[in-house]
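Commentary on secondary and tertiary structure
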Amino acid sequence: MLAVELDRECVETYRLNFPEAEIVDGDVRDLNWDGWSADVLVGGPPCQGFSSLGRRRADDPRNDLTLEMLRCAEAIRPRALVVENVPRFLESPQCQQIKSRLRDLGYAVRSGVVNCVDFGVPQR
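Figured I'd write up the structure that's included with this text.

**Side note on the overall build of the chain**
For the chain, the count of helices and strands is three helices and four strands. Going from N to C terminus, the chain has its helices and strands arranged as β-α-β-β-α-β-α. In terms of overall dimensions, the chain is globule-like: its C-alpha atoms have a radius of gyration of 15 Å, near the 14 Å expected for 124 residues. Considering the chain as a whole, with its 124 residues, one finds that 31% of them fall into the buried category. If you average the places of the 16 positive and of the 20 negative side-chain charges in the chain, the two averages end up 7 Å apart.

Structural data, given as structure tokens:
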């Protein structure tokens, strides 16, 4: 298991919860994915620029971090990919770009909104 995280407190929390995981403490944009492999790629890029609770700034530079999921998928070619974000992400150009490119790579793409309550998470 590999995790990539820039925020120091998140890294420490992850280490406490997943002590066996390898953690890259740094910026995902600096990673070279050559030589890595994974069956499943899961990511939750920053949502602040997409969230209905925030300023919903289309020009928020963190929005393009979602494209790092695509860069990683192109390099390691996992069997499955999950991108978790807020519902408004589905309306973004970044989401459209990811879906289009994944289809070009031969992936079947499905997107939608799930209610975390249905999966035991105590929030909506």
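Resuming the write-up.
**Here we look at a nonpolar patch on the surface**
On the surface, a nonpolar cluster with roughly 260 Å² of combined accessible area is contributed by Val 40, Val 42 and Val 82. Along the chain, the position of Val 82 falls in strand E4 (residues 80-83). Residue Val 82 is classed as partly exposed on the basis of its relative accessible area, which comes to 41%.

**Some details on the side chain of Gln 94**
Assignment of secondary structure puts Gln 94 in helix H3 (residues 93-104). Setting aside residues up to four positions removed in sequence, Gln 94 forms contacts with Phe 50, Asn 63, Asp 64, Thr 66, Leu 67 and Phe 89.

**Looking at the nonpolar core**
Among the nonpolar cores identified, the biggest contains 20 residues, and Trp 33, Ile 98 and Leu 102 are the most heavily contacted of them. For this core, the element with the highest residue contribution is helix H2 (residues 67-76), accounting for six residues. Once you skip the residues sitting within four places of it in the chain, Trp 33 turns out to touch Leu 2, Val 4, Val 28, Arg 71, Cys 72, Ala 75 and Ile 76.

**A short note on the packing of aromatic side chains**
Applying the stated criterion to the full structure yields two aromatic pairs. For the pair Tyr 14 and Phe 18, a centre-to-centre distance of 4.7 Å together with 35 degrees between the ring planes defines the contact as tilted. A centroid spacing of 6.2 Å and a plane angle of 70 degrees characterise the contact between Trp 33 and Trp 36, whose relative ring orientation is edge-to-face. Exposure remark for Trp 36: the relative accessible area of 30% places this residue in the partly exposed category.

**Some points on the pattern of salt bridges**
Under the defined criterion, the tally for this structure stands at five salt bridges. The residue Glu 68 makes a salt bridge to Arg 71 at a minimum N-O spacing of 2.7 Å. Placement of the pair is Glu 68 and Arg 71 together in helix H2, with a separation of three residues, close to one helical turn.

**What about H2?**
Judged by how many residues are buried, H2 sits mostly within the fold: seven of ten residues are covered. When we look at burial in H2, the residues that qualify are Leu 67, Glu 68, Met 69, Leu 70, Cys 72, Ala 73 and Ile 76. On its buried face, H2 sits against strand E3 (40-43), E4 and H3. Arg 77 occupies a position one or two residues after H2 and carries a positive phi of about 50 degrees.

What counts and what doesn't
- Residues numbered from 1 in each chain as written.
- Predicted model: local features only at pLDDT ≥ 70, side-chain atom pairs only at ≥ 80, totals over all residues.
- Heavy atoms only, no water.
- Helix = DSSP H or I, 4+ residues; strand = E, 2+ residues; numbered from the N terminus.
- Rg over C-alpha atoms; globule rule 2.2 N^0.38 Å.
- Buried < 20%, exposed > 50% of the residue type's maximum accessible area, 1.4 Å probe, protein only.
- Lys, Arg positive; Asp, Glu negative; His and termini not counted.
- Charge placed at Lys NZ, Arg CZ, Asp CG, Glu CD.
- Patch = residues over 30% accessible without salt bridge, like charges linked within 9 Å, V, L, I, M, F, W, Y side chains within 5 Å.
- Areas by Shrake-Rupley, 256 points an atom, 1.4 Å probe, with all protein chains shown as cover.
- Salt bridge = Lys/Arg side-chain N within 4 Å of Asp/Glu carboxyl O.
- Contact = heavy atoms within 4.5 Å.
- Core = buried A, V, L, I, M, F, W, Y, C linked by side-chain atoms within 4.5 Å.
- Phe/Tyr/Trp six-rings, centres within 6.5 Å; stacked < 30°, edge-to-face > 60°.

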